[in-house]
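Spelled out, the chains give:
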Amino acid sequence: MLIVEDEPLLAEAVRDGLRLEAIAADIAGDGDTALELLSINSYDIAVLDRDVPGPNGDEIARRIVASGSGMPILMLTAADRLDDKASGFELGADDYLTKPFQLRELVLRLRALDRRRAHHRPPVREIAGLRLDPFRREVYRDGRYVALTRKQFAVLEVLVGADGGVVSAEELLERAWDENADPFTNAVRITVSALRKRLGEPWVIATVAGVGYRIDRAPGDG
């Protein structure tokens, strides 16, 4: 999981305590670091202090919700008024724990969030030797794990979901980027090219000239 907390001693104490419960955690001491880690890694849960330097916990929560990952969010903060809690839930928080707190209570809440998330796991999709797990944010090709960036994963998820059908660059831009994306950008072409290289040969993503992209069910056959 990801812990976003700007008090180093508290963050490290929580991380070390979670390790004893067999829960691995990364620490981000500010909003910029948190967003960078979220763009690189896949986390099961985010624990957010609302008052951190840079983009605050509220903004991080908005970004997580907007990503569509379904990642549960636990707000960890000293603000204990009902209005503060209400605004946190409105932002998309799934749970709220005020400081000071007992580590045991945090662990119990985290395990409850993880169980709740497990009940709503999307199905694993398989096509052309690809195995895409939306819940774990993992991709395998012919049994080999393939590390992808969040954007590459989002593009591949749309293509796999099309089940061999053609997906236009415009649709990929709409579904894997946000509404502010430049419609004339070449980001789709660049991302698909990088994704092909990550997945390796024979190329499993085919380009349909003038139309878009699709997963080739029989890559290398011609």
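Residues numbered from 1 in each chain as written. Predicted model: local features only at pLDDT ≥ 70, side-chain atom pairs only at ≥ 80, totals over all residues. Heavy atoms only, no water.

Draft legend 1. Structural context of the domain arrangement of the protein. Taken as a whole, the protein is organised into domain 1 (2-119) and domain 2 (125-215). For domain 1 versus domain 2, the distance between C-alpha centres works out to 29 Å. Every contact between the two is made by six residues of domain 1 and, on the other side, four residues of domain 2. A combined buried area of about 580 Å² lies between domain 1 and domain 2, and 49% of that area is made up of carbon and sulfur atoms. For the interface between domain 1 and domain 2, the tally reads zero residue pairs in polar contact (both at pLDDT 80 or more). The set of elements that each furnish at least two residues to the side of domain 1 that touches domain 2 consists of helix 2 (31-40) and helix 5 (103-118). Its residues placed into classes, the side of domain 1 that touches domain 2 shows two nonpolar, three polar and one charged. (Domains from an automatic or database assignment. Contact = heavy atoms within 4.5 Å. Buried area = accessible area lost by both parts, 1.4 Å probe. Polar contact = N/O pair within 3.5 Å; in protein donor to acceptor, adjacent residues only side chain to side chain. Helix = DSSP H or I, 4+ residues; strand = E, 2+ residues; numbered from the N terminus. Nonpolar A, V, L, I, M, F, W, Y, C, P; charged D, E, K, R; others polar.)

Draft legend 2. Local environment of the pairing of strand 8 (residues 138-141). Residues Val139 and Arg141 of strand 8 are buried on one face, while the alternating residues Glu138 and Tyr140, pointing to the opposite face, are not. Here four bridges tie strand 7 (residues 130-133) to strand 8, and the two strands are oriented antiparallel to one another. Looking at strand 8, one finds that Leu132 is bridged to Val139. Turn length for the strand 7-strand 8 hairpin, with the two strands adjacent in sequence and antiparallel, is four residues, and the turn residue Arg137 shows positive phi of about 55 degrees. Relative to strand 9 (residues 144-146), strand 8 runs antiparallel, the two sharing three bridges. Residue pairing across strands places Val139 opposite Val146, the latter belonging to strand 9. Between the end of strand 8 and the start of strand 9, which pair antiparallel, lie two residues, with Asp142 showing a positive phi angle near 50 degrees. (Buried < 20%, exposed > 50% of the residue type's maximum accessible area, 1.4 Å probe, protein only. Pairing = 2+ DSSP bridges.)

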